[in-house]
Structure formats: C-alpha cells, structure tokens
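Architecture and fold: a report
One-letter residues, chain by chain:
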Amino acid sequence: MRPRPALLAVLTSLAAAALATSSAVAAPAPSADNAKTVVAATDTDGDSLPDAWETNGYDANGDGVVDVDLPAMGANPKKKDLFVEMDYMSGRLASTAALDRIVQVFASAPVSNPDGTTGVKIHLDAGAARSAAYNLGGGNQVTYDADLNPSASQTNAIKAANFAAVRKAVFHYMIWGDSYDGGCSSGQAFNIPNDTFIVTVGPKCAWNATDDTNVGTFVHELGHNIGLKHGGTDNLNYKPNYLSVMNYSFQLGGVLKSDGTKYWGYSNVQPTSINEARPDETVGLGSLGAGYKTSWKCPNGSTRTTAGAANQPIDWNCDGDTTDTTTAADINGDKTTSILIAQNNWANIVFGGGAVGGGTTPRTKTPASELQEITHDEWVSLQHK
Ligand SMILES: [Zn+2]
C-alpha cells in the first residue's frame, strides 16, 4: 500500500527542513538497534560526518581508539565527503577507468563547500583490487552468487560477513553482483535514502556490462541512497525534462548532449515543468534543453530522442509536426496526463541516509513498488528508437 502523497510530501518537507535549518548532526547512540538522536555535533560541511570525526577520526564504541581514520582516508570537515565500500563478485568490479569516471561525476558537481571549492569528494574502497587511490582497506571479493534471492536478506548477510560494523556510520556499502530475485533488474537500493545498494548488470541476464553501464547504474543506485528518485520530487519515470541518470531514459546510456557527448550525473538546474494536458511543442524544453538532447514517449509506446538540442521545437505527440500547443500528450508513457515536475538533484542531496552519519534521522519507508529498477528487456526496448 502506498502512503498518501500529501502525507509523504509533508514528511519529506519536514525531513528537508530539518536538514536545511541545521548543520548539526547527531552522534550515534552507543548500542540501541534503532538509534535516535543522542548528542548534536557540529558538521560544518553538511555531509553528515561530524567535524570531530573528519578531524580526529571516528571512534565507534567510545573506547578512545579511532576505528575509522577519516583524516587518513582524506576526509575534510570543510568539504563534502561520501564514502562507499565496494565488495564484488568475480569479474564484476568496475574498471579503474569507470571508477575514475564516478569520482569525476561527483567532483564536478555544482555543490559548494565551506573551503571555497565545489564538488563532492567520493571515496571508493575496492580494497587491493584496484589502484591505491581506491584502497581504503575495506573492499573485497565475495562468494559468487548469480541470483541474490531474496535480495535484501542475502545482501545483508554478505554485508554482515564482509563489512566492518565500525564503518556503518561512515561508509555506504555496495556489491557489484550479477542478478537478484530471479529477474534481470539492473540494481537495487532497498530504500530512499539508504546506506546499502547493489549493482546487478551481470552475465546471468547477458547485460554485457560496459564502463557506461557500470557507471550509470552505480551513480543511479547511489543516487537513491542519497535521496534521489526516478522522477525528482516523485517516482514518475521517463520525464523528458529530468536530465539525470536517475531517469531510466538516461541511466544506462547517459544524459545525451547535443555535441554528441554524454553526462553521467544528476540534474543540476531546476527544470521547467511540462503540462501534459497541453504541452507546447514550439518551445521544446526551453532553456533547460540548451546543450542537451532528450528522450520521450510516443502514444504507441515507442521512445524518441531529439536529433539536436532540446531547446528546439519537439513533436511531443509524435504526429509529425512541432506546432501543437494545446493537444494533450502522455509524454512520459505512464498512461496518465499529468504535470511533469522534475528536480535539481544536486540541490537536494540527502547526506546521511540509513546508518551513515549515525543513523539518527527518521526516514520514511519507501514502498517496494517505487524501488523496482529498469530491467534488461526495458533497456533493450529503449534502444529501438
Ligand atoms: Zn532506481
């Protein structure tokens, strides 16, 4: 059963307000299984990792011994840091080139920091499997399981056996796996926001994963962990004005740019909404579309992509002209006519999902229906444009 949208909106805005009005986060409770706020701690950069942890290291059990040496790992109390431990099944760990691209997506983010820089510093820990830059001593290979089924309990079991418990307030945890729950879904994040996810573009479903597939899916699933949804403010997929890898149109192939390159990150401006009751073909995506192509759905269910920049006229209803201004069109293919409201993702990142940051911020439970991921068949269908 889905929560009522109005209630969800209130809860979401309350959570956002709590995050926006204070840079203080709570230190973790010593033992309670569902820890709530104990002591507020200063967090200058707002990444949910208190300054004291980032300056002196994190002492998980309060015994005076640092358990996670954050400064040695490159944390900075004046720059947003994200830590991710990556375990992997044989043959599934992304290449160094792919990891470099993931780092660059976050480094180039339009997010300001107290030290005057922009960007988020993501720290990826593959253990000894890749270069020293990706070795924080945690990642390791795990037993090959072609089908994590049921995915949540099996992922949690692997996590319990391979992820140091003292890291849970600092690191997100993920597995480069093969597939799960007997299907061909590309990944899973289990909740929004959260601290755990899996990337499952493996051989069982013949994904033939490339660096693109791995980068796009990793950034997408981590996006859920840091609060992002398939539609921005909601879970409506395939919005042409949502230029983000969180949109299935762009998860596996990147956000298309009119110069032929691709963008593998999250949306970075507040998009203009599109009213499907009367979308204006003559303006396309307006200024949002400058420099970008976009994809949309035709009435027959097929997917189209603009030939050039999406600030030019777009044939939203696929009737052969770009002059309609009052004709309804189901542009995102969800069989309803609604107002497509997207989001500036980077302005709405939630640091501290799940146990990260101490696990002290109450979270809403995301309905399972909104955590289904794009499958191999859906991806193949998107490529027949
Ligand atoms: Zn998703």
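Quick look at the structure, then. (Residues numbered from 1 in each chain as written. Predicted model: local features only at pLDDT ≥ 70, side-chain atom pairs only at ≥ 80, totals over all residues. Heavy atoms only, no water.)

1. Some details on the pattern of salt bridges
Taken as a whole, this structure holds 6 salt bridges when the rule is applied. Put simply, Glu-85 and Arg-167 hold a salt bridge, and the shortest N to O gap is 2.6 Å. Placement of the pair is Glu-85 in strand 3 (residues 81–88) and Arg-167 in the loop between helix 4 (151–162) and strand 5 (171–176), with a sequence separation of 82 residues. With respect to class, Glu-85 is no different from Arg-167; both count as buried. The partner of Asp-125 in a salt bridge is Arg-167, with the nearest N and O atoms 2.8 Å apart. With a gap of 42 residues between them, Asp-125 in strand 4 (residues 121–125) and Arg-167 in the loop between helix 4 and strand 5 connect regions that are remote in the sequence. Residue classification places Asp-125 among the buried positions, given a relative accessible area of 0%. Overlapping salt bridges bring together Glu-85, Asp-125 and Arg-167 as one network. (Salt bridge = Lys/Arg side-chain N within 4 Å of Asp/Glu carboxyl O. Helix = DSSP H or I, 4+ residues; strand = E, 2+ residues; numbered from the N terminus. Buried < 20%, exposed > 50% of the residue type's maximum accessible area, 1.4 Å probe, protein only.)

2. Let's talk about the environment of Leu-236
Positionally, Leu-236 belongs in the loop between helix 5 (211–225) and helix 6 (248–251). Judged by its relative accessible area of 27%, Leu-236 falls in the partly exposed class. Along the primary structure Leu-236 and Asn-332 are separated by 96 residues, whereas in three dimensions their C-alpha atoms are 8.1 Å apart. With residues up to four places along the chain from it excluded, the contact list for Leu-236 reads His-230, Gly-231, Asn-332, Asp-334 and Ser-338. (Contact = heavy atoms within 4.5 Å.)

3. A short note on the coordination of the zinc ion
In an ideal octahedron of six donors the angles at the metal are 90 or 180 degrees, and in an ideal tetrahedron of four donors they are 109.5 degrees. Ligation of the zinc ion by protein atoms is provided by His-220 (NE2), His-224 (NE2), His-230 (NE2), Glu-373 (OE) and Glu-373 (OE), these donors lying 2.0 to 2.2 Å from the ion. Going along the chain, you hit the donors of the zinc ion in the pattern H-x3-H-x5-H-x142-E. (Donors = N, O, S within 2.8 Å, 3.2 Å for Na, K, Ca; no water.)

4. Points about the environment of Val-283
Locating Val-283 in the fold gives a position in the loop between strand 10 (274–275) and strand 11 (295–297). Spatially, the C-alpha atom of Val-283 lies 7.3 Å from that of Ile-314, the residues being 31 residues apart in sequence. Apart from residues lying up to four places away in sequence, Val-283 is in contact with Ala-310, Asn-311 and Gln-312.

5. A few points about the state of the cysteines
Tallied over the entire structure, the rule returns 2 disulfides. Covalent S-S linkage joins Cys-184 and Cys-205, the inter-sulfur distance amounting to 2.0 Å. The sign of the S-S torsion, about -80 degrees, decides the handedness of the disulfide formed by Cys-184 and Cys-205: left-handed. Of this pair, Cys-184 sits in the loop between strand 5 and strand 6 (187–188) while Cys-205 sits in the loop between strand 7 (196–199) and helix 5, and the two are 21 residues apart along the sequence. Two residues share a disulfide in this structure: Cys-298 and Cys-318, whose sulfurs sit 2.0 Å from each other. Judged by the sign of its S-S torsion, about -80 degrees, the bond between Cys-298 and Cys-318 is left-handed. Taken together, the positions of Cys-298 in the loop between strand 11 and strand 12 (303–305) and Cys-318 in the loop between strand 12 and strand 13 (339–340) put the pair 20 residues apart, joining distant regions of the chain. (Disulfide = S-S within 2.5 Å.)

6. Regarding the nonpolar core
If you look at the biggest cluster of nonpolar residues, it comprises 64 residues, and the most contacted ones within it are Met-86, Phe-106, Phe-218, Tyr-266 and Trp-346. Listed by contribution, the elements that provide at least two residues to this core are strand 3, helix 3 (96–107), strand 4, strand 5, strand 7, helix 5, helix 6 and helix 7 (376–382). Looking at this core element by element, the count peaks at 5 residues for helix 3. Split by domain, the residues of this core number at least three in each of domain 1 (51–227 + 351–376) and domain 2 (231–348). Aside from chain neighbours lying at most four places away, what touches Phe-106 is Leu-82, Gly-119, Val-120, Ile-122, Leu-222, Ile-226, Tyr-266 and Trp-346. Formed by 21 residues, the second largest nonpolar core is a distinct cluster that contains Ala-75, Val-142, Ala-169 and Tyr-173. (Core = buried A, V, L, I, M, F, W, Y, C linked by side-chain atoms within 4.5 Å. Domains from an automatic or database assignment.)

7. Overview of the side chain of Thr-303
Note that Thr-303 resides in strand 12. Exposure remark for Thr-303: the relative accessible area of 5% places this residue in the buried category. At 3.2 Å, the side chain of Thr-303 and the side chain of Lys-297 are in polar contact. (Polar contact = N/O pair within 3.5 Å; in protein donor to acceptor, adjacent residues only side chain to side chain.)

Honestly, that's just the spatial picture; any functional story needs more than this.
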